[in-house]
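Given next are the chains, with one letter for each unit.
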Amino acid sequence: MTYQTLLFDVRDGVAFVTINRPDKLNALNDQVMAELADAAGRIATEDGIRGAILTGAGPKAFVAGADIGDLARQGPFDGKARAQRGQAVLRLLETCGKPVIAAINGFALGGGCELAMACHIRIASDTAKFGQPEVKLGIAPGYGGTQRLPRLVGKGAALQLILTGEVIDAPEAYRIGLVNRVVPAGDLLAESENMLRGILAMGPLAVRLALEAVDRGLEMTLDEGLLLEANHFGLLAATQDTKEGLTAFLEKRPAKFQGR
Ligand code: COA
């Protein structure tokens, strides 16, 4: 697929995905969503890609939401279908099996905040702003906001954001646990890449199974989640990655994992 609204650049195993509609503050129209679905598929399946960084073009916005022009034209059935398509795209990204970091360079509102929440780690520039302002438009979050936000920040803080539509700054997003780190705007991409490359230096199978255990485990009972974790732990013991990681420690040398 040739992208018209995304920049997709792979450098040394990292896919840099930039949503590229800066004149519309990178709003998620149907084309962006279709291209994001394709990009998530590439991240999941291409061996040359080991992780991804998602950001927005221009200095102002990560993503200022779903495209309000599209929403204004929809009826109840295509509205539901659009929400389900969007949810599926974000879920593809969340379950791609490789670490994905959102580098949030400005407004992350509505669908933009939802997209960031589907990434595994969120790093915000100190100029970023967050919110689920859908209620101001008479709509409610449709790309997973009512589900992922309370899982990340707890029910009380999530309901405050969703019901008031208030927009919060990066330090407040950090305080409530919506983002993992806040960095100066000029350092955002370098810091995000630095963290991702740190993760990519770890045992890749361990990273993949840890992502899966956290993602699936959140929807399980504690006992089911613990069993999944123990199964992964046992499975990893049969891998070259674990053998190398443990042997390297005992031999007091850096581990050299396959694919590095
Ligand atoms: N969908 C479609 N277009 C959008 C958009 C969205 N979610 N957010 C911004 N844009 C467009 C604006 O319409 C404008 O386009 P135009 O120049 O053709 O008129 C352009 O992006 C720039 O936005 P503008 O509003 O002029 O910038 P601003 O700095 O004054 O305000 C925001 C920035 C983010 C506060 C404001 O754009 C906004 O409130 N956007 C909607 C946020 C929202 O409700 N998101 C949830 C949607 S479900």
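Treat the numbers as computed from the prediction; the structure is a model and nothing was measured.

Student: What exactly am I supposed to notice about the nonpolar core here?
Tutor: One broad trend across soluble globular proteins is that nonpolar side chains are buried collectively. With 48 residues, the main nonpolar core has Leu 36, Leu 115, Phe 130 and Leu 178 as its most contacted residues. Looking at this core, the element that brings in the most residues is helix α1 (residues 30–45), giving six residues. With residues near it in sequence (within four places) discarded, Leu 115 still touches Ile 19, Leu 28, Leu 36, Leu 54, Phe 62, Val 63, Leu 90 and Leu 93. The next biggest cluster of nonpolar side chains, apart from the first, holds twelve residues, and it includes Phe 16, Ile 53, Ile 121 and Leu 188.

Student: Help me understand the state of the cysteines, please; the structure alone is not making it clear to me.
Tutor: Using the criterion set out here, one finds zero disulfides in the structure. Not part of a disulfide, Cys 96 finds its nearest cysteine sulfur in Cys 119, a span of 8.9 Å. Look at Cys 96 and you get buried, because its relative accessible area is 4%. Not part of a disulfide, Cys 113 finds its nearest cysteine sulfur in Cys 119, a span of 11 Å.

Student: Would you explain a nonpolar patch on the surface in this entry?
Tutor: A cluster of nonpolar residues, Ile 68, Leu 137 and Ile 139, forms a patch on the protein surface that exposes about 260 Å² of accessible area. Relative to the assigned elements, Leu 137 resides in the loop between β8 (129–131) and α5 (145–153).

Student: What's the story with the site of the ligand in this structure? I'm lost.
Tutor: Within the structure, the ligand sits among 16 residues, and Lys 24, Lys 60, Ala 64, Ala 66 and Ile 68 are positioned closest to it. Within the side chain of Lys 24, one N or O atom sits 2.5 Å away from an oxygen atom of the ligand. Within the backbone of Ile 68, one N or O atom sits 2.9 Å away from a nitrogen atom of the ligand. Protein burial of the ligand: of its 870 Å² of free accessible surface, 59% is covered by the chains. Broken down by secondary-structure element, the contributors of at least two residues to the shell around the ligand are α2 (68–72) and β6 (107–109). Its residues placed into classes, the shell around the ligand shows eleven nonpolar, no polar and five charged.

Cut-offs used in this document
- Residues numbered from 1 in each chain as written.
- Predicted model: local features only at pLDDT ≥ 70, side-chain atom pairs only at ≥ 80, totals over all residues.
- Heavy atoms only, no water.
- Core = buried A, V, L, I, M, F, W, Y, C linked by side-chain atoms within 4.5 Å.
- Buried < 20%, exposed > 50% of the residue type's maximum accessible area, 1.4 Å probe, protein only.
- Helix = DSSP H or I, 4+ residues; strand = E, 2+ residues; numbered from the N terminus.
- Contact = heavy atoms within 4.5 Å.
- Disulfide = S-S within 2.5 Å.
- Patch = residues over 30% accessible without salt bridge, like charges linked within 9 Å, V, L, I, M, F, W, Y side chains within 5 Å.
- Areas by Shrake-Rupley, 256 points an atom, 1.4 Å probe, with all protein chains shown as cover.
- Salt bridge = Lys/Arg side-chain N within 4 Å of Asp/Glu carboxyl O.
- Near = heavy atom within 4 Å.
- Polar contact = N/O pair within 3.5 Å; in protein donor to acceptor, adjacent residues only side chain to side chain.
- Nonpolar A, V, L, I, M, F, W, Y, C, P; charged D, E, K, R; others polar.

In short, the description is geometric, and any link to function would need to be established separately.
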